[in-house]
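Coordinate inspection notes
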Amino acid sequence: MNLKDEELIQKSEEIGMNNMITVKDLEKNYQSKKAVDGINFVVNKGEILGLLGPNGAGKSTTINILATILSADHGEVTIMGHDLKKDAKLIKQGIGIVPQDLAIYEEISAEKNVRFFASLYKLKGHQLDNQVKEALELVGLYDRKDDKPKTFSGGMKRRLNIACAIAHQPQVIIMDEPTVGIDPQSRNHILESIKTLKSRGATVIYSTHYMEEVEAISDRIIIMNDGKIIAEGTKEELNQKVNDEITYYFSVNNLDELSEEQLNRISGVTKVKIYDNKVEITSDKSIDNLNEIIAVILGNGCKIENMSSEVASLETTFLELTGRSLRD
Ligand SMILES: Nc1ncnc2c1ncn2[C@@H]1O[C@H](COP(=O)(O)OP(=O)(O)OP(=O)(O)O)[C@@H](O)[C@H]1O
């Protein structure tokens, strides 16, 4: 860890903060287009925040402002306790940015790429060697360290892009759609690497339009659409906000006596389907009727072999909130 990082962490600890990033009333316009329209959020220390939204939602603009690449028209941002307007230089030293477009040199080895980016943060000697090795190991490219990126697959290049961004061991990592257009294996590898970075104490903002990625790794999710935050919370909280239904699935024997009508009469039940040896019941989640449902099934001489339940997926939630599909 270099001196600047230590200073940043010390300052964070001095003010005893849990918020590594705070964003207040952030706005950015391109001519008449409001790309970011007055958003507010915080990212807590050690958290992975998933920034989810369809194309054009304003994710990259937000991320580029946090990464000090773009300037905002209005609003306040602090990162690790530093004001972005006053201390951009200091912030740059403490963050790692994984850009949407690859920022690697095709003609020099993977190791030299990582070494180059890490040395920009004034790492030297053994510390530089160790951190370059660690970064390459994290993304699973240590055994290809002497090869040039021009011989790599798209997924390997994306992994190298991440190694270059994190070798200096930043406290805050900002990633803009780091898995676009890559093979599932590299994608899984990247998601695992992000979880490892979190376990080492990093705070991560991760922008994507892949629902399953935010579900897999995020502690909290922000959904953006048209420059605004339209929902924020954990996966479960988001589902709860818009969806008040639950579906129960039963595998049942001796179904002859049970009718859909009997189950439909139970308070809260909105849909019943009986087929083969299965019973599917959708109900208002706020009504406590599971005991009654089970009593009706058993009361008709049925034997329940198995039962599960499901609330709406985040994909459904997203559609309900935005009226748009994530990948249009
Ligand atoms: N340099 C620019 N000039 C004009 N308009 C821009 C510029 N950059 C972005 N925009 C517009 O601002 C809006 C937000 O774009 P942004 O790239 O932040 O969205 P995004 O959520 O990251 O989308 P994507 O997933 O496609 O990267 C879009 O309508 C986009 O067309």
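Residues numbered from 1 in each chain as written. Predicted model: local features only at pLDDT ≥ 70, side-chain atom pairs only at ≥ 80, totals over all residues.

1. Comments concerning the pairing of strand S6 (residues 95-98)
Of the two faces of S6, the one carrying Ile95 and Ile97 and the one carrying Gly96 and Val98 are both buried. In terms of strand pairing, S6 meets strand S7 (residues 172-176) through four bridges, oriented parallel. Within S7, the residue paired with isoleucine 97 across the bridge is isoleucine 174. (Buried ≥ 20, exposed ≤ 12 C-beta atoms within 10 Å, placed from the backbone. Helix = DSSP H or I, 4+ residues; strand = E, 2+ residues; numbered from the N terminus. Pairing = 2+ DSSP bridges.)

2. Some thoughts on the nonpolar core
By size, the foremost hydrophobic cluster in this structure holds 66 residues, and its most contacted members are Ile79, Val114, Ala163, Ile174, Val204 and Ile205. When residues of this core are assigned to their parent elements, the largest contribution, seven residues, is made by helix H6 (residues 154-166). Residues in contact with alanine 163, not counting those within four places in the same chain, are Val114, Ala135, Leu136, Leu138, Val139 and Leu141. Of all hydrophobic cores here, the second largest spans 12 residues; its members include Val252, Leu263, Val279 and Val296. (Core = buried A, V, L, I, M, F, W, Y, C linked by C-beta atoms within 7 Å. Contact = placed C-beta atoms within 7 Å.)

3. Some thoughts on the domain arrangement of the chain
Examined at the domain level, the chain breaks down into domain 1 (3-240) and domain 2 (244-311). In this structure, domain 1 and domain 2 have C-alpha centres spaced 46 Å apart. (Domains from an automatic or database assignment.)

4. Section: the site of the ligand
Taken together, Tyr30, Lys33, Ala35, Gly53, Asn55, Gly56, Ala57, Gly58, Lys59, Ser60, Thr61 and His209 form the complete shell of residues around the ligand. Where the shell around the ligand is concerned, the elements lending two or more residues are strand S2 (33-44) and helix H2 (59-66). For the shell around the ligand, the element with the most residues is H2, which contributes three residues. For the shell around the ligand, the per-class residue count stands at three nonpolar, seven polar and two charged. (Near = placed C-beta within 6 Å. Nonpolar A, V, L, I, M, F, W, Y, C, P; charged D, E, K, R; others polar.)

5. With respect to the environment of lysine 285
Structurally, lysine 285 is set in the loop between strand S13 (278-284) and helix H11 (290-299). Linking lysine 285 and isoleucine 79, residues 206 residues apart in sequence, is a C-alpha distance of 40 Å. Excluding anything up to four places from it in sequence, lysine 285 contacts Asp244, Glu245, Ile246 and Val311.

6. Concerning the sheet that holds strand S14 (residues 303-311)
Ordered in space as S12-S13-S11-S14, the four strands form an open sheet in which the pairing is antiparallel. Across the chains shown, the open sheet's two edge strands, defined by having one partner strand only, are strand S12 (269-275) and S14. The sheet shows a mean angle of 15° between the axes of neighbouring strands, taken without regard to direction. Pairing of strand S11 (residues 245-253) with S13, which is carried by seven bridges, proceeds in the antiparallel orientation. Opposite isoleucine 246, over in S13, you have serine 283 as the bridge partner. (Axes fitted to C-alpha atoms, helices over the stretch in contact; angles between N-to-C directions.)

7. What about the packing of helix H4 (residues 110-119) against helix H5 (residues 125-138)?
Packing of H4 against H5 brings their axes to within 10 Å, and their N-to-C directions diverge by 125°. Between H4 and H5, the interaxial angle falls into the category oblique. As H4 packs across H5, the resulting crossing turns out to be right-handed. Taken together, the residues of H5 that come into contact with H4 (itself represented by Ala110, Glu111, Val114, Arg115, Ala118 and Ser119) are Leu128, Gln131, Val132, Ala135 and Leu136. Grouping the amino acids of the contact of H4 with H5 by side-chain chemistry returns seven nonpolar, two polar and two charged. (Parallel < 35°, antiparallel > 145°, perpendicular 65-115°, else oblique. Left-handed = near helix turned anticlockwise from the far one by under 90°.)

8. Quick look at H4
Of all 10 residues in H4, seven are buried; the element is thus mostly enclosed. Looking only at H4, the buried set comprises Ala110, Glu111, Asn113, Val114, Arg115, Phe117 and Ala118. In this structure, the buried residues of H4 make contact with H5 and H6.

9. Description of the confidence of the model for the chain
On average, residues of the chain score 88 in pLDDT, and 89% of them reach the 70 mark or higher. Taken together, the stretch residues 1-5 has pLDDT below 50 and engages in 11 contacts with residues farther than four places along the chain or on a different chain. With pTM at 0.75, the complex prediction returns an ipTM value of 0.95. (pLDDT = per-residue confidence, 0-100.)

10. A short note on the packing of H4 against H6
Describing two packed helices takes the angle between their axes plus the distance from one axis to the other. One can describe the packing of H4 onto H6 by two numbers: an axis separation of 7 Å at closest approach and a directional angle of 30°. In terms of orientation, H4 and H6 fall into the roughly parallel class. Regarding H4 and H6, the two cross each other, and that crossing is right-handed. Between H4, through Ala110, Asn113, Val114 and Phe117, and H6, the contact on the second element is made entirely by Leu160, Ala163 and Cys164.

11. Comments concerning unusual backbone geometry
At aspartate 25, a residue that is not glycine, the phi angle is positive and equals roughly 50°. With respect to the helices, strands and loops of the structure, aspartate 25 is situated in strand S1 (residues 19-30). Residue aspartate 25 is classed as exposed on the basis of its C-beta count, with 11 C-beta atoms lying within 10 Å.

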